[in-house]
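Reading the structure
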Amino acid sequence: LRGPADPDLATTLVQLGSSQLKAGDAQGAMQSYREGLRIYEASGGKDSAGAMVTRGNLAEAWLDAGDAEAAAKAMAGVREHHALMFGEGSDRHQAMIMRWVRIELLRGKHAAALALTDELIRLANQDDGPVSASELRRQRAVALSRAQALAGLDRGDDAWSLAKPVLDAARAEGWTE
C-alpha cells in the first residue's frame, strides 16, 4: 500500500465491507464502504468507477439496514454513470437498476419501481442467448418486484398473475417457503 489515499486500500476496504454485509453486519459494512468511498473520491474523483461502485455497495448496506432514503442518497448520480462505465444491459448495470427497484419499493414509490422493472424487462429481451441460472434468478426477482409494485398500486390481480408462475416454478425446483 502506498499510503492512506491508495486506491488498493479502498479496494480492500470495499471487499471487507462486502464480507461484513454478507455476515449480517450492515453497520460495519457501511463504515468500511464510507472509508473506501472517501479514498476513491480523493484519489480518482467523485465520478470514478471505484467511487460509483462503492456508492452502490453503500446503498445495498443501507437497504439491508432498512433505510431506503439513505440508500437513495448514496445512489445519487450512480445511475447516470453506470451504463457508460459498464455498458447498458451489463450484469452490473442491471444489478444497479434492481437496487433502485428495491429502493423505490421501500420508499413506497410503486409506479417508479414498476417503470424500472419495465427497463429491466427491455434489457433482458435484448439478449438472444441461452438463459443462465443467474439470469433466471434476476428474471424471477424482476417479476416478483413488479408484482410487489402492482400490489402497491392496488392492482392485486395483476400482481398475483405475475407472481404465481414464478412461485410455482420455484416450488417445482424444490424451493420451500
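For the structure itself, consult the block above.
Conventions and cut-offs
Residues numbered from 1 in each chain as written. Predicted model: local features only at pLDDT ≥ 70, side-chain atom pairs only at ≥ 80, totals over all residues. Heavy atoms only, no water. Core = buried A, V, L, I, M, F, W, Y, C linked by side-chain atoms within 4.5 Å. Buried < 20%, exposed > 50% of the residue type's maximum accessible area, 1.4 Å probe, protein only. Helix = DSSP H or I, 4+ residues; strand = E, 2+ residues; numbered from the N terminus. Contact = heavy atoms within 4.5 Å. Axes fitted to C-alpha atoms, helices over the stretch in contact; angles between N-to-C directions. Parallel < 35°, antiparallel > 145°, perpendicular 65-115°, else oblique. Left-handed = near helix turned anticlockwise from the far one by under 90°. Salt bridge = Lys/Arg side-chain N within 4 Å of Asp/Glu carboxyl O.

What about the nonpolar core?
Nonpolar side chains in soluble globular proteins generally cluster together in the buried interior. Counting 40 residues, the largest nonpolar core has Tyr33, Met75, Trp100, Val101 and Ile103 as the members making the most contacts within it. Residue assignment for this core shows that the elements contributing at least two residues are α1 (7–22), α2 (26–44), α3 (49–64), α4 (68–74), α6 (91–106), α7 (110–125), α8 (133–152) and α9 (156–172). The contact partners of Ile103, leaving out residues within four places of it in the chain, are Leu63, Ala68, Ala71, Ala72 and Met75.

Quick notes on the side chain of Arg99
Within the fold, Arg99 resides in helix α6. A residue is classified by how much of its surface remains accessible, and Arg99, at 16% relative accessible area, is buried. The contacts of Arg99, once residues within four sequence positions are left out, are Gly56, Asn57, Ala59, Glu60, Leu63 and Met75.

Some thoughts on the packing of α6 against α8
Closest axis-to-axis distance for the α6/α8 pair is 11 Å, and the angle between their directions is 25 degrees. With respect to their mutual orientation, α6 and α8 come out roughly parallel. As α6 runs across α8, the sense of the crossing is left-handed. Residues Asp91, Gln94, Ala95, Met98, Val101 and Leu105 of α6 touch α8, and the partners they reach there are Glu135, Arg138, Ala141, Val142, Ser145, Gln148 and Ala149.

Things to note about unusual backbone geometry
Despite not being glycine, Asp154 shows a phi value in the positive range, around 60 degrees. With respect to the element layout, Asp154 can be found in the loop between α8 and α9.

Points about the pattern of salt bridges
Any two side chains of opposite charge can pair, so long as their charged atoms come close to each other. Inspection of every chain in the model, using the stated rule, returns 11 salt bridges. Between Glu41 and Arg55 there is a salt bridge whose closest N-O contact spans 2.6 Å. Of this pair, Glu41 sits in helix α2 while Arg55 sits in helix α3; the two residues are 14 residues apart in sequence, bridging distant segments of the chain. For Glu41, a relative accessible area of 22% translates into the label partly exposed.

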